[in-house]
Amino acid sequence: MSLIFSPMQKNRDRLAAGCFILGSGLLLLINLGLRTLENHDYLRHAEVAREMIRSGDWVVLRLNGEIYLDKLPLFFWLIGLPASAYGAVTPFLARLPSALSAWIGVIVLFFWAKRVYHSPWIGVLSGAILLSSYQFFLYARAARPDMVLTVLIILSLYFFHRGYEDGKEPRRRSLFYGLSFLFMGLLFLTKGPLAVLMPFAVMTAFLIKVKKLDLLASRPFLLGYGVMVATILPWVFLFLSRIGFEEALLLVQENRVLTRQAPFYLYFGKIWAEFMPWSLLLPFLGAFVWRRWREVWSSRESFFLIWFLLLFVGLTLMPYRASRYLLPLLPPLALMLGGFGKGKVKWFLIPAVLSIVVWHGVEIHWATRNPS
């Protein structure tokens, strides 16, 4: 009986995985171009991409003819590639990098949770929780680089974790660490050096916890550092050769990107709104972790806990705060809640589907209120 049941179970699991992957992509891409770019940030990012295509200069970004250093080029390249082929920057194409990044993010979460919890259904649940959380869904359909940044953090940490767990196979370990640092290099090209510190700090804290800090100076990591530098340097070299070192230094000194100051307790309140409806379960998750602290701390889930706590504390201590900075904290919460919901998958999937329907309804409402 077990010989018959096992292949049937595997087929059902594969069907569930396939339906989730295809369904999540459909939910993210449907009506993506329905709304216009009415937000000032969306318009500015679309205009930077338009000027990049029009000028043919894909190295030095410009806005209204002036050099633009508020953001680095990767996000605008992702808009510019399909837009240059199409011939125009449309609302759909301006939002497409965020939607595809979110899709990659939930797929990676599916495989990550499946690997950690040994269940494809927990993978589906973790991905569905992330996809249906308010802030993630909102930024998945926004012409902003925040979702690209978030998925690059997910990929950096996922491949680091794979490399650490596959430590007995040197080639696979080096490959996974190399991919981790490749995505950190792309992270630099999206938001600069501060963005790279986020996954690297999580990795370092985890290695301190497992008492393997010497891994930071190991051969696979040294090769990874080389991969990251090789990813970053071509653009830096071309940028400096175009405008010169002195002018670049002056532009960096004059640039004021981090200006949003807010009370230190901002994130303690915002996390409830941004992670809705799943924030309603955070007290239960917190109580579960508190009661089983030793068990959780010694398990593979500890990586997700370190990820969330370290970034939450770090962002809280920073003097500049904005609610969108919480976006990279939602994936570890989704992964931990996915494990917490083991045995109750269908009861979690129902509110996930309803939430996505509500968020789509809200977006359609916005579109009808801002038709031009």
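Being a predicted model, the structure only gives us computed values, none of them experimental.

Parameters and conventions
- Residues numbered from 1 in each chain as written.
- Predicted model: local features only at pLDDT ≥ 70, side-chain atom pairs only at ≥ 80, totals over all residues.
- Heavy atoms only, no water.
- Patch = residues over 30% accessible without salt bridge, like charges linked within 9 Å, V, L, I, M, F, W, Y side chains within 5 Å.
- Areas by Shrake-Rupley, 256 points an atom, 1.4 Å probe, with all protein chains shown as cover.
- Salt bridge = Lys/Arg side-chain N within 4 Å of Asp/Glu carboxyl O.
- Helix = DSSP H or I, 4+ residues; strand = E, 2+ residues; numbered from the N terminus.
- Core = buried A, V, L, I, M, F, W, Y, C linked by side-chain atoms within 4.5 Å.
- Buried < 20%, exposed > 50% of the residue type's maximum accessible area, 1.4 Å probe, protein only.
- Contact = heavy atoms within 4.5 Å.
- 1 Å grid on protein atoms, 1.4 Å probe; cavity = no way out; pocket = protein on both sides within 12 Å on 5 of 7 lines; lining within 4 Å.
- Points joined across faces, edges and corners; volume = space filled by probe spheres on them.
- Axes fitted to C-alpha atoms, helices over the stretch in contact; angles between N-to-C directions.
- Parallel < 35°, antiparallel > 145°, perpendicular 65-115°, else oblique.
- Left-handed = near helix turned anticlockwise from the far one by under 90°.
- Nonpolar A, V, L, I, M, F, W, Y, C, P; charged D, E, K, R; others polar.
- Expected span 1.5 Å × (residues − 1).
- Polar contact = N/O pair within 3.5 Å; in protein donor to acceptor, adjacent residues only side chain to side chain.

### Brief notes about a nonpolar patch on the surface
Move 1: A cluster of nonpolar side chains, namely L240, F245 and L249, defines an oily patch on the protein surface of about 280 Å² accessible area.
Move 2: Residue placement: L249 occurs in helix α11 (residues 245–254).

### With respect to the nonpolar core
Move 1: Membership of the largest hydrophobic core comes to 115 residues, with the highest contact counts inside it found for W112, F303, F304 and W307.
Move 2: Ranked by residues supplied to this core, first place goes to helix α7 (residues 146–165) with 12 residues.
Move 3: W307 has contacts with W112, I153, I154, L157, V202, P328, P331, P332 and L335, leaving out every residue within four places of it along the chain.

### Some remarks on the pattern of salt bridges
Note on pairing: side chains with opposite charge can pair once their charged atoms come close.
Move 1: Summed over the entire model, instances satisfying the criterion amount to 11 salt bridges.
Move 2: Across the pair R62 and D57 runs a salt bridge, and its minimum N-O distance is 3.1 Å.
Move 3: We note a salt bridge from E165 to R300, for which the minimum N-O separation is 2.7 Å. Linking E165 in helix α7 with R300 in the loop between α14 (293–297) and α15 (302–317), this pair joins segments that are 135 residues apart in sequence.
Move 4: With a relative accessible area of 28%, E165 lands in the partly exposed category.
Move 5: Residues joined by salt bridges that share partners form a network here, namely R115, R162, E165, D166, R172 and R300.

### Looking at the layout of surface pockets
Move 1: The space that makes up the second largest pocket amounts to roughly 370 Å³.
Move 2: Every residue lining the second largest pocket is counted, 16 residues in all, and those nearest its centre are L282, G286, F308, L309 and L333.
Move 3: If you list the elements that add at least two residues to the lining of the second largest pocket, you get α12 (266–274), α13 (282–291), α15 and α16 (330–340).
Move 4: The greatest single-element share of the lining of the second largest pocket, amounting to 6 residues, is contributed by α13.

### A word on the packing of α7 against helix α9 (residues 193–209)
Move 1: Two elements in contact, α7 and α9, have axes separated by 10 Å at closest approach and are oriented at 25°. Classed by the angle they form, the pair α7 and α9 counts as roughly parallel. The handedness of the crossing between α7 and α9 comes out as right-handed. The segment α7 lies against α9, with L149, I153, S156, L157, F160 and Y164 engaging A195, M198, P199, V202, M203, F206 and L207.
Move 2: Split by residue class, the contact of α7 with α9 holds 12 nonpolar, 1 polar and no charged.

### A word on the environment of R50
Move 1: Its place among the elements puts R50 in helix α2 (residues 40–55).
Move 2: Relative accessible area serves as the criterion here: at 37%, R50 is assigned to the partly exposed category.
Move 3: Residues R50 and W278, spaced 228 residues apart in sequence, show a C-alpha to C-alpha distance of 38 Å.

### Focus: helix α5 (residues 120–132)
Move 1: The end-to-end C-alpha distance of α5 is 18 Å, a good match for the 18 Å that 13 residues give at a rise of 1.5 Å each.
Move 2: Judged by how many residues are buried, α5 sits mostly within the fold: 12 of 13 residues are covered.
Move 3: For α5, the set of buried residues is P120, I122, G123, V124, L125, S126, G127, A128, I129, L130, L131 and S132.
Move 4: Between the side-chain oxygen at the start of α5 and the backbone nitrogen of W121 there is a gap of 3.3 Å, and the oxygen is on S119.

### Points about empty space enclosed by the protein
Move 1: Tallied over the entire structure, the rule returns 1 cavity of 30 Å³ or more.
Move 2: Size it by volume and the largest cavity reaches roughly 100 Å³.
Move 3: What lines the largest cavity is simply R35, Y42, R95, Y134, F137, L138, R141, A142, W359, V362, E363 and W366.
Move 4: Secondary structure elements with two or more residues in the lining of the largest cavity: α6 (134–140) and α17 (345–369).

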